[in-house]
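So you can see what is in the structure, the chains are spelled out below.
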Amino acid sequence: MENLECACASEQKLKRENPKSKFFYWFWGLVLLGIWTLLYKSLLPFSQWFAFSLLALKPGSHLGEAVQFFVYDTPKVILLLTLVVFLVGIVRSYFSPERTRKILAGKRESVGNVLAALLGIVTPFCSCSAVPLFIGFVTAGIPLGVTFSFLISAPMVNEIALVLLYGLLGWKIAALYLFTGLFVAIVAGFVIGRLNLEHYIEDWVLKIRTDANVVTEDKKSFEQRIEYALQSVKDIVGKVWIYIVIGIAVGAGIHGYVPEDFMASIMGKSSWWSVPLAVIIGVPMYSNAAGIVPVVEALLGKGAALGTVLAFMMSVIALSLPEMLILRKVLKKRLIIVFASIVAMGILLVGYIFNLVI
Amino acid sequence: MEVKVLGPGCPNCEKTMNVVMDAIRESGIMANVTKVTDYAEIAKMGVLSTPGVVVDGQVKCAGKVPTKEEVISWLKGE
């Protein structure tokens with residue numbers, strides 16, 4: 001901050017409000033972006049130098065490949081994640097669950113499902129507030145199915161999953177994941193809405209009346225949005241980096257040591273049961289996207305079929321035991337089972353379609 | 001002055017509680033702080049994402065841990 005004082009002093013007269021701030025943020029933003037690009041560009045040569053020159057491992061050897069993969073992918077993914085979380089943070093600063101509720105209240109079902117799934121991507125949401133959010137949505141008159149579309153899409157289609165898929169597997173798979181994730185959220189929510197399950201919401205929830213207009217919107221300034229985005233980088237990257245490191249280490253191990261096509265027999269296309277098996281294993285597993293994607297990447301590299309792997313990943317991220325236990329507070333058991341089965345079926349469908357098409 | 005900290009007990013809610021206590025101590029303003037953990041109560045106040053802070057019945061923030069300075073400004077009624 002200090003060294004910028006002088007750079008700003010000359011321009012101070014030009015700016016009336018926040019004399020330093022805007023310039024300060026843009027200046028450092030550009031500097032950091034430059035450093036970011038330089039770092040990103042030098043990762044591949046560095047990882048090769050590190051593994052094959054510094055450690056003198058043989059290119060093509062198991063250990064050499066595993067080390068190079070780890071040294072390349074870990075910083076790459078963390079760099080990508082930092083940038084994207086920051087940008088998403090800026091976008092998210094324009095949204096809040098309260099605002100999303102206001103948008104969704106009074107929307108018809110089909111339109112509502114699509115909108116809810118899309119808003120699930122950009123609305124800041126943490127599964128620990130799934131319950132107040134659920135109550136707030138339902139009691140403000142948002143249909144149950146629309147609420148579920150949001151609750152499915154919010155954890156499943158998130159920037160962490162997309163960045164990791166992009167960084168490790170390329171944009172095509174990231175885009176596939178985005179669209180199929182939205183598809184599952186929209187369709188599952190729509191089906192739940194058609195089934196008229198409102199009476200399986202705990203009775204005390206329905207007695208509460210809330211108004212979608214109560215919460216005052218706070219206007220954020222440019223600086224506050226930047227601060228918000230920086231804070232989310234600190235929170236998210238600070239929380240998930242360890243999972244990324246562990247995930248990539250496991251992935252690197254699989255890369256270097258598991259024989260090529262080992263997975264083809266278990267998770268390959270030929271076996272029809274591989275998709276349901278992947279979902280059954282995936283549902284009780286609880287991991288965030290950060291931990292699961294590097295493993296997914298390694299599995300794909302060893303001959304697992306894309307549909308099976310996507311199904312596995314979606315079921316791990318979208319359906320988790322802890323979240324269902326939290327939701328049990330507001331939903332009767334039967335509705336939770338219906339919710340889990342419908343989402344699981346949607347994921348199965350995605351898995352089969354991909355195995356069939358690709 | 002009534003201050004309510006809303007949250008089911010996640011780490012961020014604990015942090016918010018500490019920030020609020022610090023702010024009260026620092027500003028020297030007399031305030032009664034209660035912790036609201038009941039989901040129904042939280043929802044009734046119109047808060048959809050925890051942690052939240054309510055000062056004299058008015059929702060001041062939701063979905064993030066406020067800074068001490070923010071809390072002090074709410075206490076002072078700014």
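The rules we used
Residues numbered from 1 in each chain as written. Chains lettered and ligands numbered in written order. Predicted model: local features only at pLDDT ≥ 70, side-chain atom pairs only at ≥ 80, totals over all residues. Heavy atoms only, no water. Pairing = 2+ DSSP bridges. Helix = DSSP H or I, 4+ residues; strand = E, 2+ residues; numbered from the N terminus. Right-handed = clockwise from strand over helix to strand, strands pointing away. Buried < 20%, exposed > 50% of the residue type's maximum accessible area, 1.4 Å probe, protein only. Arc of directions from axis to C-beta. Contact = heavy atoms within 4.5 Å. 1 Å grid on protein atoms, 1.4 Å probe; cavity = no way out; pocket = protein on both sides within 12 Å on 5 of 7 lines; lining within 4 Å. Points joined across faces, edges and corners; volume = space filled by probe spheres on them. Nonpolar A, V, L, I, M, F, W, Y, C, P; charged D, E, K, R; others polar.

Participant: Any chance you could explain the pairing of strand 1 (residues 2–6) of chain B here in plain terms?
Facilitator: Two faces belong to every sheet, and in a regular strand the side chains alternate between them. All names here are of chain B. Bridge count for strand 1 against strand 2 (residues 32–36) is five bridges, and the pairing is parallel. When the sheet's bridge partners are listed, leucine 6 is paired in strand 2 with valine 36. Between the parallel pair strand 1 and strand 2, the chain is carried across by helix 1 (residues 11–27), and the sense of this crossover is right-handed. The sheet contact formed by strand 1 and strand 3 (residues 52–55) spans four bridges and is antiparallel. In the strand pairing of strand 3, valine 3 is matched with valine 55.

Participant: Just checking my understanding: could you explain helix 5 (residues 97–104) of chain A for this structure?
Facilitator: Residues lying three or four places apart along an α-helix face the same way, a consequence of the helix completing one turn every 3.6 residues. Listed in full, the buried residues belonging to helix 5 of chain A are A:Pro97, A:Glu98, A:Thr100, A:Arg101 and A:Leu104. One side of helix 5 of chain A carries all its buried residues, which in axial view fall inside an arc of 160°. Buried residues in helix 5 of chain A make contact with helix 6 (109–122), helix 7 (130–139) and helix 8 (144–156) of chain A together with strand 4 (58–62) of chain B. Following helix 5 of chain A by one or two positions, A:Gly106 adopts a phi angle in the positive range, close to 85°.

Participant: I would appreciate a short explanation of the layout of surface pockets in the present structure.
Facilitator: It is a probe the size of a water molecule, rolled over the atoms, that shows where empty space is left. Residues and elements named next belong to chain A. Of the voids in this model, the second largest pocket is the one considered here, and its volume is about 780 Å³. As for the second largest pocket, its lining consists of 23 residues, of which Trp28, Gly29, Leu32, Phe86 and Leu230 are closest to the centre. For the lining of the second largest pocket, the secondary structure elements donating two or more residues are helix 2 (21–41), helix 4 (62–92) and helix 12 (222–257). With eleven residues, the top contributor of residues to the lining of the second largest pocket is helix 2. Residue composition of the lining of the second largest pocket, by class: 20 nonpolar, two polar and one charged.

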